[in-house]
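Residue-level structural notes
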Amino acid sequence: EIGGDFSRIFQQHEVDQRPQVVSRPKPYIPPVVRGTAESLRISVLLLIDTRGAVASLRVLQGSGNKYFDDIIIHDIRNLWIFSPAMKRGHKVRCLVQQNVRVVWEGGFPFDS
């Protein structure tokens, strides 16, 4: 038996348990990409599948730095791990908006 709903994509407000970031390694942003920025931010819409993997990604608002955005998109797609959304005890696909802000001058490197 496959314990998931593959026919529907749910919004966060429709599920009993929202997807949560389980692992997100700190991104390496080369100094040449960073430039003089103290922080950069990107907002993305993710489709998290029933395994907690990023099945699809769309940029909602870029940082204005294409190279930074490319690094963050690559990391989210390939390195981030989520817990899957749950609905009535079953793993389901779910859309999640995620904001990523990398800060170089103090503070934690992510801002959700």
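These remarks concern the structure in this document. (Residues numbered from 1 in each chain as written. Predicted model: local features only at pLDDT ≥ 70, side-chain atom pairs only at ≥ 80, totals over all residues. Heavy atoms only, no water.)

Sheet topology places strand E3 (residues 39–48) next to strand E7 (residues 90–103); 10 bridges connect them, and they run antiparallel. When the bridges of E7 are listed, Ile 48 appears paired with Cys 94. Here 3 bridges tie strand E6 (residues 85–87) to E7, and the two strands are oriented antiparallel to one another. When the bridges of E7 are listed, Lys 87 appears paired with His 90. Counted along the chain from E6 to the antiparallel partner E7, the turn is 2 residues long, and its residue Arg 88 has a positive phi close to 50 degrees. (Pairing = 2+ DSSP bridges. Helix = DSSP H or I, 4+ residues; strand = E, 2+ residues; numbered from the N terminus.)

The full count for this structure, using the stated rule, is 3 salt bridges. The closest approach of N and O atoms between Arg 8 and Glu 14, which form a salt bridge, is 2.7 Å. Ionic pairing is found between Asp 70 and Lys 66, a salt bridge with its closest N-O pair at 2.6 Å. Of this pair, Asp 70 and Lys 66 both sit in helix H2 (residues 66–78), 4 residues apart, which is roughly one turn of that helix. By relative accessible area, Asp 70 is classed as partly exposed at 36%. (Salt bridge = Lys/Arg side-chain N within 4 Å of Asp/Glu carboxyl O. Buried < 20%, exposed > 50% of the residue type's maximum accessible area, 1.4 Å probe, protein only.)

Geometry only, nothing functional implied.
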